[in-house]
Amino acid sequence: MKSKTRKLFAKYGVDVTKAIRTVMNLPISLHCWQLDDVTGFESKESLSGGIQVTGNYPGKARNFDELTADFDEVLKYIPGKKKINLHAIYGVSKNGYQRDQLTPALFAPWVDYAKKRNIGLDFNPTLFSSPWVKDNLTLSSPDSAVRDYWIRHCKQSREIAEYFGRELDQKSLCNIWIPDGFKDDPVDRFGPRLRLKEALDDIYSVKLNRHYIADSVESKVFGIGVESYTTGSHEFYMNYANSQKIMCLLDMGHFHPTENVADKLSSLLVFQKQLALHVSRPVRWDSDHVLKLNDDLQAIANEIIKHTLQGKEILIGLDYFDASINRVAAMIVGARNMQKALLIAALMPWDQLKAYQDAGDFTRLLALQEELKMLPLNEVWEFYCEKENVPSSIEWLDAVKAYEEKIMKVRGL
């Protein structure tokens, strides 16, 4: 990188080396389900429970070997520190398994894979696409047998996350999301939420080592088939997370389209030191499109960097799935855009901008914000990628298309 570029950023009080180091050390958890349309390994049944993936692009990964081969291709082209985010339906077993009978052994191959590549693992219980989802209800069901089944599943999932953290010496996030709700207006809104609270209390009554596991709960505003009422609303989980001293996870697609999700981070972090994110690009509803480097993503990245620099911990997970394009390319594009947004945010003189705001000098604030947009950001991105031994420009796509022709397109033939 040219010394002229460093001096230009320094003119505005920005240390380029420090900015790159900040971004480089922020782990991004790559979601395995982009590579196989949230199918998993336990069965080939269609998705249900508010989950939907559209498209039928050829070459979908169908098993552990194919999925990890695709991950190896993905990891070549994404700079920075990375983790892999797994759902419980990605256990590796020749004989199959029931979700209320999870064991660490089912996920030992993932641990071996992660160790060899020096990456961490996160985990999610899978409370959808199952005959045990009764009337769109799981942990809030009035049927105690249904609730108990999913309580067992979540307890075992937390133990597996702790196992990941211990084996890899990297804290593993265990995030609970449920599809529970009603298509039409319910008569009783309180009862399902009370049952959900009691089920969660049971799940979290098992105390695990917080050095190895972090817990979070994820809200949603609505979903397909549960348009009128979602048991696990944002208000419910925000209060529950605070009461249990666990993290509230914000998914960018799980709010009303007019809400600014980035604005919510500062409100939560007044009261908590940590929170978790699922970063996606909603279109109309929770459609989880591949990330673009747009204003919404940049606003999230700005908040992540500002709060990270103030000592807060924000766990970043990606959550999108597009089966209409090459799935490996989709994961790479989204993850690189997340990194680009973080780098842009880290190259901003936040202290100076804050000083103008606090002084009420909104003229200087606006003028400086607009001036900063013309700085040579791409040159810093190229330097960062070179430092991480990944291509900075789109030449990676030719390699991925060659991988598609050689590996992905012959699957199932």
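Just above sits the structure.
Everything numeric here is computed off the predicted structure, so don't read it as measured data.

Caption draft 1: Region of interest: the overall build of the protein. Of regular secondary structure, the protein possesses 14 helices and 12 strands. The C-alpha atoms of the protein give 22 Å as radius of gyration, which agrees with the globular expectation for 413 residues (22 Å, within 12%). Its C-alpha atoms give the protein principal-axis dimensions of roughly 65 × 55 × 40 Å. Counting the 413 residues in the protein, one finds 55% classified as buried. Across the protein, contacts joining residues at least 24 apart in sequence account for 81% of those joining residues at least 6 apart. When the accessible surface of the protein is summed, it comes to about 18,600 Å², and 50% of that surface belongs to carbon and sulfur atoms. The positive charge centre, built from 53 side chains, and the negative charge centre, built from 55, are 4 Å apart in the protein.

Caption draft 2: Inspection of the packing of helix H2 (residues 16–24) against helix H10 (residues 327–346) at higher detail. Remark: H2 packs on H10, axes separated minimally by 9 Å, with the N-to-C direction vectors making an angle of 145 degrees. H10 is crossed by H2, and the crossing has right-handed handedness. Across the interface between the two elements, Ala19, Ile20 and Val23 of H2 pack against Gln339, Leu342, Leu343 and Ala346 of H10. Split by residue class, the contact of H2 with H10 holds 6 nonpolar, 1 polar and no charged.

Caption draft 3: Summary view of the environment of Ile84. Checked against the element boundaries, Ile84 lands in strand S2 (residues 82–87). Spatially, the C-alpha atoms of Ile84 and Leu30 are 4.8 Å apart, while their sequence positions differ by 54 residues. In this structure Ile84 touches Ser29, Leu30, Phe71, Trp110, Tyr113, Ile119, Gly120, Leu121 and Asp122, once residues within four positions along its chain are discounted.

Caption draft 4: Representation of H2 in the model. Val16, Ala19, Ile20, Thr22, Val23 and Met24 are the residues of H2 that are buried. Close packing links the buried residues of H2 with helix H1 (3–11), helix H9 (295–309), H10 and helix H13 (377–387). Taking the backbone nitrogen of Thr17 as reference, a side-chain oxygen 3.0 Å away marks Asp15 as the first, capping residue of H2.

Caption draft 5: Up close: empty space enclosed by the protein. Evaluated as defined, the whole model comprises 3 cavities of 30 Å³ or more. Put simply, the largest cavity is a space of about 220 Å³. Ile51, His87, Trp177, Glu218 and Asp319 are the residues nearest the centre of the largest cavity, which is lined by 21 residues in total. If you list the elements that add at least two residues to the lining of the largest cavity, you get strand S4 (172–176) and strand S11 (285–289). Here the residues of the lining of the largest cavity sort into 9 nonpolar, 7 polar and 5 charged.

What counts, and where the lines are drawn
- Residues numbered from 1 in each chain as written.
- Predicted model: local features only at pLDDT ≥ 70, side-chain atom pairs only at ≥ 80, totals over all residues.
- Heavy atoms only, no water.
- Helix = DSSP H or I, 4+ residues; strand = E, 2+ residues; numbered from the N terminus.
- Rg over C-alpha atoms; globule rule 2.2 N^0.38 Å.
- Buried < 20%, exposed > 50% of the residue type's maximum accessible area, 1.4 Å probe, protein only.
- Contact = heavy atoms within 4.5 Å.
- Areas by Shrake-Rupley, 256 points an atom, 1.4 Å probe, with all protein chains shown as cover.
- Lys, Arg positive; Asp, Glu negative; His and termini not counted.
- Charge placed at Lys NZ, Arg CZ, Asp CG, Glu CD.
- Axes fitted to C-alpha atoms, helices over the stretch in contact; angles between N-to-C directions.
- Left-handed = near helix turned anticlockwise from the far one by under 90°.
- Nonpolar A, V, L, I, M, F, W, Y, C, P; charged D, E, K, R; others polar.
- Polar contact = N/O pair within 3.5 Å; in protein donor to acceptor, adjacent residues only side chain to side chain.
- 1 Å grid on protein atoms, 1.4 Å probe; cavity = no way out; pocket = protein on both sides within 12 Å on 5 of 7 lines; lining within 4 Å.
- Points joined across faces, edges and corners; volume = space filled by probe spheres on them.

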